[in-house]
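What the coordinates show
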Amino acid sequence: MFSPEILQSLPQKLDGISQGLSLMIPELLLCVWILVGIFAELFLHGRSTKFSTSWRYFITQIGLLLAFVLAIQRMSTGMSGFASFSFFWINAGSNSINALLLFLAIVLIFVNQAQQKSFQFEEKMGFLSILGGALLVSISSHWLSIFLSIEWMSLGTYLLVGIRKDPEGSRAILPYVLFGLASTALLLYGISFVYGMTGTMHINSPDFSRGLATADPYLAGLALTLVASSLLFKLAWAPFHPWSPDVIESLPASWMTWVSTAPKIAVTFLGIRLLHFIPLSLEVPIAFLAILTLLVGNLGALGQRNSKRLLAYSSIAHGGFMAMAWLFPIQQATEVLLFYSLIYGMSTILVFYLIDEASSDSYQSNDLEKWSGLSKSRPLASLFLLIGMVALAGLPPAGSFIAKVTYFSFLWEKYQNSSQMLTLVLLVTAILTTALGIFYYLKIPYQIYFKKNAQEDRAVIWNENGNMWVYAILVVFIFGSFLAPTAIWNFLK
């Protein structure tokens with residue numbers, strides 16, 4: 001039986017839980033819409049694959065569009081505050097990040113449907129779980145909500161990776177789940193240390209910063225290392241990256257893109273928020289790990305002969321590049337992360353879909369020759385793939401060129417203000433690895449435009465009579481972000 005004291009305090013506790021929930025309506029709507037999607041499956045069971053897939057797309061798109069409209073409204077009105085006992089902190093940065101995540105989710109689903117890809121129930125739940133977890137990660141300000149949101153996001157990734165039942169899929173899912181469980185344990189252990197030193201679970205509490213500043217530096221370093229190890233695993237930063245190539249190459253284009261973008265954007269923004277309240281100087285370890293990640297990702301991609309594995313290593317390098325924002329002031333970091341993530345997400349969708357359409361059912365360690373001479377038979381698709389590769393490499397006239405130059409300028413400004421030699425080394429490494437990326441990103445376009453097709457009777461790659469207009473829209477956006485970056489920058493801000 002409940003005691004009278006508990007019953008008397010119940011209204012107050014319910015008020016505390018519901019306080020500020022009006023600020024996070026987009027996230028709550030998505031959570032409710034996941035339940036709607038589960039309920040809708042009761043009526044889709046036993047129906048034809050085409051019928052079920054169409055309704056899953058329709059239901060998912062309605063929910064995403066509603067959440068996106070509400071997120072844009074919240075961003076334009078500048079709504080901010082705390083919600084649910086200050087478990088969640090909604091501010092201008094999180095508003096923009098969540099609007100970006102919802103926008104990329106909408107683009108991905110519409111492209112997937114336009115390319116007539118299947119959409120199973122497990123895929124829908126995995127996709128929405130990653131999105132829901134990412135949205136909650138970006139607004140979390142309490143270690144409990146941070147942990148639960150990250151785990152929700154991870155469970156969606158496990159579900160998508162585990163759908164494929166062939167040897168390649170099994171080879172990818174087992175190490176990833178085991179590493180994921182280990183990272184969860186490290187995160188919990190690190191949170192327990194942080195709580196013991198600070199006496200609070202709220203990252204924006206003065207006790208949090210004061211506790212870390214006055215604690216034993218070795219103990220504080222150990223706690224932050226445990227937490228960082230888990231977060232860097234989600235970002236695939238070296239040396240926590242070995243799972244990424246196997247996982248990404250085992251996925252279809254849609255989920256390969258989603259796993260490579262959404263978790264990285266959310267966790268990078270979480271890192272920006274955490275570093276703002278940590279009183280310890282972490283510039284040296286961040287710069288060192290960023291250098292290591294850029295080298296591992298770019299050098300690893302340089303030696304790849306399999307198309308998907310090449311892109312998997314390049315996504316490691318992009319994750320390292322993206323999270324260099326941790327070295328910048330919080331406002332600058334959020335702005336460059338938004339712009340870079342938008343262009344990177346759109347370019348990744350374009351390239352990954354074009355690469356995946358040409359993938360064979362059986363794994364090939366060297367599949368570059370299949371691209372030879374395709375510029376003559378498939379000129380439009382070849383041009384789109386070339387533009388996508390140029391965008392990922394960060395070359396003009398793609399908007400990613402401006403995004404990378406912005407990172408370089410902020411790094412140079414950081415070095416001038418701090419005179420930290422490792423920051424200069426990171427800047428030089430970032431520039432050199434960007435130049436190095438040109439060589440492996442243009443491997444496939446080189447085969448397409450400068451190699452002759454030795455197999456005239458092979459299977460057709462790309463159907464240009466299909467939905468090339470979808471890729472054309474992505475290309476227009478990539479060029480538009482270069483020609484009118486100020487308009488996009490101001491909108492994101």
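Preceding this section is the structure that the text describes.
Below: a short report on this structure. What you see is a predicted model; the values in this text were computed from it and never measured.

1. Let's talk about the overall build of the protein chain
Looking only at helices and strands, the protein chain has 21 helices and 2 strands in total. Rg of the C-alpha trace for the protein chain: 23 Å, near the compact-globule value of 23 Å for 493 residues, within the 12% margin. Principal axes of the C-alpha set define a box for the protein chain whose edges measure 80 × 60 × 45 Å. Going through the 493 residues of the protein chain one by one, you find that 57% of them count as buried. On the protein chain, roughly 20,600 Å² of surface is accessible, and the fraction owed to carbon and sulfur atoms is 67%.

2. Some points on helix 5 (residues 121–139)
Between its first and last C-alpha atoms helix 5 spans 27 Å; for 19 residues at 1.5 Å apiece the expected length is 27 Å, and the two agree. Counting buried residues in helix 5 gives 17 out of 19 residues, a clear majority hidden from the surface.

3. Some thoughts on the nonpolar core
Membership of the largest hydrophobic core comes to 151 residues, with the highest contact counts inside it found for L64 and W258. Ranked by residue count, the leading element in this core is helix 14 (residues 330–357), at 17 residues. Sequence-distant contacts of W258, that is, excluding residues within four places in its chain, are made with L101, L104, A105, L108, F127, I130, L131 and P263.

4. Focus on the pattern of salt bridges
In total, this model carries 8 salt bridges according to the counting rule given. A salt bridge links D246 to R309; the nearest nitrogen and oxygen atoms lie 3.0 Å apart. With D246 in helix 10 (residues 243–249) and R309 in helix 13 (residues 307–322), this pair connects stretches of sequence that are 63 residues apart. There is no split in this pair, since D246 and R309 are both buried. Here the salt bridges do not stand alone but share partners, grouping E41, R56 and K124 into one network.

5. Structural notes on the packing of aromatic side chains
Tallied over the full model, the rule gives 28 aromatic pairs. Ring geometry for F82 versus W89: centroids 5.7 Å apart, planes at 15 degrees, classification stacked. With a relative accessible area of 36%, F82 lands in the partly exposed category. Measuring from ring centre to ring centre gives 6.1 Å for F119 and W255, while their planes differ by 25 degrees; the resulting arrangement is stacked. Of this pair, F119 sits in the loop between helix 4 (92–114) and helix 5 while W255 is found in helix 11 (residues 253–277), placing the two residues 136 residues apart along the sequence. Take F119 and W255: they sit in the same class, and that class is buried. It is K404 that lies over the ring of F321; its NZ or CZ is 4.9 Å from the centre.

6. So, the packing of helix 16 (residues 379–393) against helix 20 (residues 468–483)
Contact pair helix 16 / helix 20: the axes reach a minimum separation of 10 Å and the direction vectors enclose 35 degrees. The handedness of the crossing between helix 16 and helix 20 is left-handed. Taken together, the residues of helix 20 that come into contact with helix 16 (itself represented by L380, A381, F384, I387 and A391) are M468, Y471, A472, V475, I478 and F479. When grouped by side-chain class, the residues that make up the contact of helix 16 with helix 20 number 11 nonpolar, no polar and no charged.

7. Focus on unusual backbone geometry
With omega at 5 degrees, the peptide bond leading from A238 into P239 counts as cis. In this structure, P397 follows P396 across a cis peptide bond, with omega equal to 10 degrees. Tracing the backbone shows P397 in the loop between helix 16 and helix 17 (399–418). At F85, a residue that is not glycine, the phi angle is positive and equals roughly 55 degrees. Mapped onto the elements, F85 comes out in the loop between strand 1 (81–83) and strand 2 (88–90).

8. Some points on a nonpolar patch on the surface
Where nonpolar side chains cluster on the molecular surface, the patch consists of F51, W55, F58, I62 and L66 and spans about 440 Å² of accessible area. Owing to a relative accessible area of 32%, F51 belongs among the partly exposed residues under this scheme.

9. Describing the environment of L226
By the element assignment, L226 lies in helix 9 (residues 217–235). It is 8.3 Å that separates the C-alpha atoms of L226 and I191, two residues lying 35 residues apart in sequence. Not counting residues up to four positions away in its chain, the partners in contact with L226 are L186, L187, Y189, G190 and F193.

10. What to know about the packing of helix 6 (residues 143–162) against helix 11
Packed helices, taken two at a time, are described by the angle their axes make and the gap between the axes. Between helix 6 and helix 11, the shortest axis-to-axis distance is 11 Å and the interhelical angle comes to 170 degrees. What the angle tells us is that helix 6 and helix 11 run roughly antiparallel. Residues W143, I146, I150, M153, T157 and L160 of helix 6 pack against W255, V259, P263, V267, L270 and L274 of helix 11. Residue composition of the contact of helix 6 with helix 11, grouped by class: 11 nonpolar, 1 polar and no charged.

11. Some remarks on helix 3 (residues 49–77)
In a regular helix each residue adds 1.5 Å, so 29 residues correspond to 42 Å; helix 3 covers 42 Å between its end C-alpha atoms and thus fits that length. At the exit of helix 3 stands G78, carrying a positive phi of roughly 70 degrees.

12. Some words on the environment of G345
Secondary-structure assignment places G345 in helix 14. Its relative accessible area of 2% is what places G345 among the buried residues. Sequence spacing of G345 and T184 is 161 residues, and the spatial spacing of their C-alpha atoms is 26 Å. Beyond its immediate stretch of four places on either side in the chain, G345 contacts L104 and T261.

13. Points about the side chain of T434
As for its position among the elements, T434 is in helix 18 (residues 421–441). The class for T434 is buried, based on a relative accessible area of 12%. Within polar-contact distance, the side chain of T434 engages the backbone oxygen of A430 at 2.7 Å.

Reading guide: rules and limits
Residues numbered from 1 in each chain as written. Predicted model: local features only at pLDDT ≥ 70, side-chain atom pairs only at ≥ 80, totals over all residues. Heavy atoms only, no water. Helix = DSSP H or I, 4+ residues; strand = E, 2+ residues; numbered from the N terminus. Rg over C-alpha atoms; globule rule 2.2 N^0.38 Å. Buried < 20%, exposed > 50% of the residue type's maximum accessible area, 1.4 Å probe, protein only. Areas by Shrake-Rupley, 256 points an atom, 1.4 Å probe, with all protein chains shown as cover. Expected span 1.5 Å × (residues − 1). Core = buried A, V, L, I, M, F, W, Y, C linked by side-chain atoms within 4.5 Å. Contact = heavy atoms within 4.5 Å. Salt bridge = Lys/Arg side-chain N within 4 Å of Asp/Glu carboxyl O. Phe/Tyr/Trp six-rings, centres within 6.5 Å; stacked < 30°, edge-to-face > 60°. Lys NZ or Arg CZ within 6 Å of the ring centre and 35° of its normal. Axes fitted to C-alpha atoms, helices over the stretch in contact; angles between N-to-C directions. Left-handed = near helix turned anticlockwise from the far one by under 90°. Nonpolar A, V, L, I, M, F, W, Y, C, P; charged D, E, K, R; others polar. Patch = residues over 30% accessible without salt bridge, like charges linked within 9 Å, V, L, I, M, F, W, Y side chains within 5 Å. Parallel < 35°, antiparallel > 145°, perpendicular 65-115°, else oblique. Polar contact = N/O pair within 3.5 Å; in protein donor to acceptor, adjacent residues only side chain to side chain.

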